[in-house]
Amino acid sequence: MSDEFYRIKRLPPYVIAEVNAMRAAARAAGEDIIDLGMGNPDLPPPDHVIAKLVEVAQKPDAHGYSQSKGIPGLRRAQANYYARRFGVEVDPETEVVVTMGSKEGLASLATAITAPGDVVLAPNPSYPIHTFGFIIAGATIRSVPTTPDENYFRALERAMHFTVPRPSILVVNYPGNPTAETVDLAFYDRLVAWAKENQVWILSDLAYSELYFDGNPTPSILQVPGAKDVAIEFTSMSKTYSMAGWRMGFAVGNQKLIAAMTRVKSYLDYGAFTPIQAAACAALNGPQDIVEKNRQLYQKRRDVMVESFARAGWDIPSPRASMFAWAPLPPALKEMGSLEFSKQLLTHAKVAVAPGVGYGEDGEGFVRIAMVENEQRLRQAARNVKKYLQSMGVNTPVTKGAA
C-alpha cells in the first residue's frame, strides 16, 4: 500500500508553517510575541450581529441542515450589497452563491472547472489558495506578476502564445494579499476585453473590498459592462465585519461558473450553520458604521506602523488598502532572505511576520506585516525591531530633536 498520495505529492512544503511553529513554541515558553504574521482580525463583530446569531440559535428548528448555496435572504443581502456599493445588479438566484469564506469558494470552483493538465494563470507572489486550490484539483500553474502595469499585460500575452495547452483561467486579487496593490476600473476594463478575446475565465478575489484607505474605494471587476460574461468575484465578511472565524463569503457573477460551483458544493457540504447565515444577513442589511470604523482603525494603524518602523530604520511603503504591508527587507539584510529574516525577528525582536517566499518565489526579499495589533503594540514592535537592527549593525536614522 503506497503512502505517496497523488495530490499530497503535488503540494510544496508550507514555508510559513515553519515560522508559525517557532511562534507557537516561543509563546508556550511564556515569551510575549507581537504577532503581525497572520491576517487574523483582533476586533469583535458588531453587537447586533452577535445578537442575531444568539436569537436564531435559540430556535428549535434552526439546527438542521441548511442550504449549500446559502439561504435566500443571505443571497438577496449580497445582491443588495453589490447594488449599493458598486451599482451592479446581480440575480440572487442564479448569480450568487454563499461560500464558507472566500478560500473554500475558490477551492470549490477549482474543483468544479479544472481538469488535470489545465493551465491556470495565477499571481506570484499570491495568497496560497490562488495556486494550491488549482494544484490540488490537478491543474498546472503559470505565474504572472502582481503589479498592474504594462509588464503585466505583456506577461499575459506571452502566456497565451507560449503555453500548451492555452491557459483557460486567470486569477486576480486586488487589493492584493500579500502585496496590498490596488487597481482602478480602467485596469479591469482592459482585463475583461483581454479575457473575452482570449476566451479565459477571470476569478477575482475581492476579500479586502472595504479595507481601502485615503478615501479611494476599491472597484469591482463586475462594474465593467459585460464582465459577467467571463468573470466571477469572491468577497468575504472576515475582514469587513471582523467575522474571520465565522467563515462567511460569497461568489458572485457568471451564471455558468456559479452553477458549476453550486453543483460541486451540493455534493461537498450542506452550507454554513443557519444562525451564522442569519447573522450575516444582519451584518449586510444592518448599520454599516462598523465598516467605516474598521477602515479608519486600520488606516490609523497603517500610519503608526509606517512612521514608527521608519524611525526604527526600516522603510516600508504605505499600503493603499488591505490589512497588510508588503515590506522589502532592510537593504543591509537582504542577503539573509525572507525566511531567515522572519526567524531572526521572531527570536531577537519578539515580532512575528510572514516570510514573503511563503507566497511564491517572487515574494523573496519581502515580508508581509499584518496590522492586527493595536497602535501601542505596533510602536513596541518598532522599538524591538530598532534594537535588533542596531545589533546587526544597521544604522538607524537620527530622529528630529535627538542629540
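Placed above this text is the structure.
These numbers come from a predicted model, not from an experiment. (Residues numbered from 1 in each chain as written. Predicted model: local features only at pLDDT ≥ 70, side-chain atom pairs only at ≥ 80, totals over all residues. Heavy atoms only, no water.)

Q: Looking at this structure, I do not really get the sheet that holds strand β12 (residues 366-370). What am I missing?
A: Each strand in a sheet pairs with its neighbour through backbone hydrogen bonds, running either in the same direction (parallel) or in the opposite one (antiparallel). Across the sheet, three strands lie side by side as β9-β12-β11; this open sheet has antiparallel pairing. Unpaired on one side and paired on the other, β9 (324-328) and β11 (354-355) mark the two borders of the sheet. (Pairing = 2+ DSSP bridges. Helix = DSSP H or I, 4+ residues; strand = E, 2+ residues; numbered from the N terminus.)

Q: What am I meant to see in the pattern of salt bridges here?
A: Should the charged atoms of two oppositely charged side chains come close, the side chains can pair. Tallied over the full model, the rule gives 21 salt bridges. Put simply, D35 and R27 hold a salt bridge, and the shortest N to O gap is 3.8 Å. We classify R27 as partly exposed; its relative accessible area is 39%. Linking E307 and R311 is a salt bridge whose minimum nitrogen-to-oxygen distance equals 2.6 Å. Taken together, the positions of E307 and R311, both in helix α11 (residues 289-311) and four residues apart, correspond to about one turn of that helix. Relative accessible area serves as the criterion here: at 37%, R311 is assigned to the partly exposed category. Each of R85, E210, E292 and R295 takes part in a single network of salt bridges with overlapping partners. (Salt bridge = Lys/Arg side-chain N within 4 Å of Asp/Glu carboxyl O. Buried < 20%, exposed > 50% of the residue type's maximum accessible area, 1.4 Å probe, protein only.)

Q: I'm lost on the packing of aromatic side chains in this one. Help?
A: Think of a pair of aromatic rings as described by two things: how far the centres are apart, and how the planes are tilted against each other in angle. Per the counting criterion, the structure on display carries 15 aromatic pairs. Note on Y81 and Y82: the rings are 5.7 Å apart at their centroids and 90° apart in plane angle, and the pair reads as edge-to-face. Each member of the pair, Y81 as well as Y82, carries the same accessibility label: buried. Residue classification places Y82 among the buried residues on the basis of a relative accessible area of 0%. Among the aromatic side chains, those forming a connected cluster through ring pairs are Y152, F153, Y174, F187 and Y188. Over the ring of F153 we find R190, and its NZ or CZ is 3.9 Å from the ring centre. If you follow R368 out to its NZ or CZ, it ends over the ring of F324, 3.8 Å from the centre. (Phe/Tyr/Trp six-rings, centres within 6.5 Å; stacked < 30°, edge-to-face > 60°. Lys NZ or Arg CZ within 6 Å of the ring centre and 35° of its normal.)

Q: Help me understand empty space enclosed by the protein, please; the structure alone is not making it clear to me.
A: One pass over the full model with this rule turns up two cavities of 30 Å³ or more. P123, P125, T146, N173 and Y174 are, among the 16 residues lining the largest cavity, the residues nearest its centre. Per element, the largest residue contribution to the lining of the largest cavity is three residues, and it comes from strand β5 (residues 169-173). Across the lining of the largest cavity, the residue classes break down as nine nonpolar, six polar and one charged. When its volume is computed, the second largest cavity comes out at roughly 80 Å³. Going through the elements one at a time, α4 (72-86) and β7 (231-236) are the ones with two or more residues in the lining of the second largest cavity. Its residues assigned to classes, the lining of the second largest cavity shows five nonpolar, five polar and one charged. (1 Å grid on protein atoms, 1.4 Å probe; cavity = no way out; pocket = protein on both sides within 12 Å on 5 of 7 lines; lining within 4 Å. Points joined across faces, edges and corners; volume = space filled by probe spheres on them. Nonpolar A, V, L, I, M, F, W, Y, C, P; charged D, E, K, R; others polar.)

Q: Got a minute to help me understand the layout of surface pockets in this structure?
A: To locate leftover empty space, one rolls a probe as large as a water molecule over the atoms. As a volume, the largest pocket reaches approximately 730 Å³. If you trace the largest pocket, you find 35 residues lining it, with Y14, M38, K103, Y127 and N177 closest to the centre. Examining the composition of the lining of the largest pocket, we find that four residues originate from one element, helix α2 (residues 15-28), more than from any other. Across the lining of the largest pocket, the residue classes break down as 18 nonpolar, 10 polar and seven charged. The volume enclosed by the second largest pocket comes to roughly 310 Å³. Looking at the second largest pocket, it is lined by 19 residues, and the ones nearest its centre are P12, T131, F132, Y359 and G360. Contributions of two or more residues to the lining of the second largest pocket are made by α6 (129-136) and β4 (140-144). If one sorts the elements of the lining of the second largest pocket by residue count, α6 sits on top with three residues.

Q: Before we go on, may I ask you to explain helix α13 (residues 375-391) in this structure?
A: Residues three or four positions apart in an α-helix share a direction because the helix packs 3.6 residues into each turn. Over its 17 residues, α13 extends 25 Å from the first C-alpha to the last, a length consistent with the 24 Å expected when each residue adds 1.5 Å. If you check which residues of α13 are buried, you get L378, A381, A382, N384, V385, Y388 and L389. The residue sitting at the N-terminus of α13 and contributing the capping side-chain oxygen is N374; that oxygen lies 3.2 Å from the backbone nitrogen of Q376. Looking one or two places after α13, you find G393, whose phi comes out positive at around 80°. (Expected span 1.5 Å × (residues − 1). Polar contact = N/O pair within 3.5 Å; in protein donor to acceptor, adjacent residues only side chain to side chain.)

Q: Hey, could you run me through the packing of α11 against α13 in this one?
A: Angle between the axes and distance between the axes are the two parameters that describe a pair of packed helices. At a minimum axis separation of 9 Å, α11 and α13 run at an interaxial angle of 20°. With respect to each other, α11 and α13 are oriented roughly parallel. Every pair of crossing elements has a handedness; the one defined by α11 and α13 is right-handed. Mapping the contact onto sequence places K300, R301, V304, M305, S308, F309 and R311 in α11 and E375, L378, R379, A381, A382, V385 and K386 in α13. Among the residues forming the contact of α11 with α13, the class breakdown is seven nonpolar, one polar and six charged. (Axes fitted to C-alpha atoms, helices over the stretch in contact; angles between N-to-C directions. Parallel < 35°, antiparallel > 145°, perpendicular 65-115°, else oblique. Left-handed = near helix turned anticlockwise from the far one by under 90°. Contact = heavy atoms within 4.5 Å.)

Q: What is the right way to read unusual backbone geometry from this model?
A: Of all residues except glycine, most have a negative phi; of all peptide bonds, most are trans. Between V164 and P165 the backbone carries a cis peptide bond, its omega angle lying at -10°. Among the structural elements, P165 can be located in the loop between α7 (150-162) and β5. The phi torsion at D214 lies on the positive side, around 60°, for a residue other than glycine. By secondary structure assignment, the location of D214 is in the loop between β6 (201-205) and β7. At S322, a residue that is not glycine, the phi angle is positive and equals roughly 80°. Among the secondary structure elements, S322 is positioned in the loop between α11 and β9. Overall, the relative accessible area of 0% leaves S322 in the buried class.

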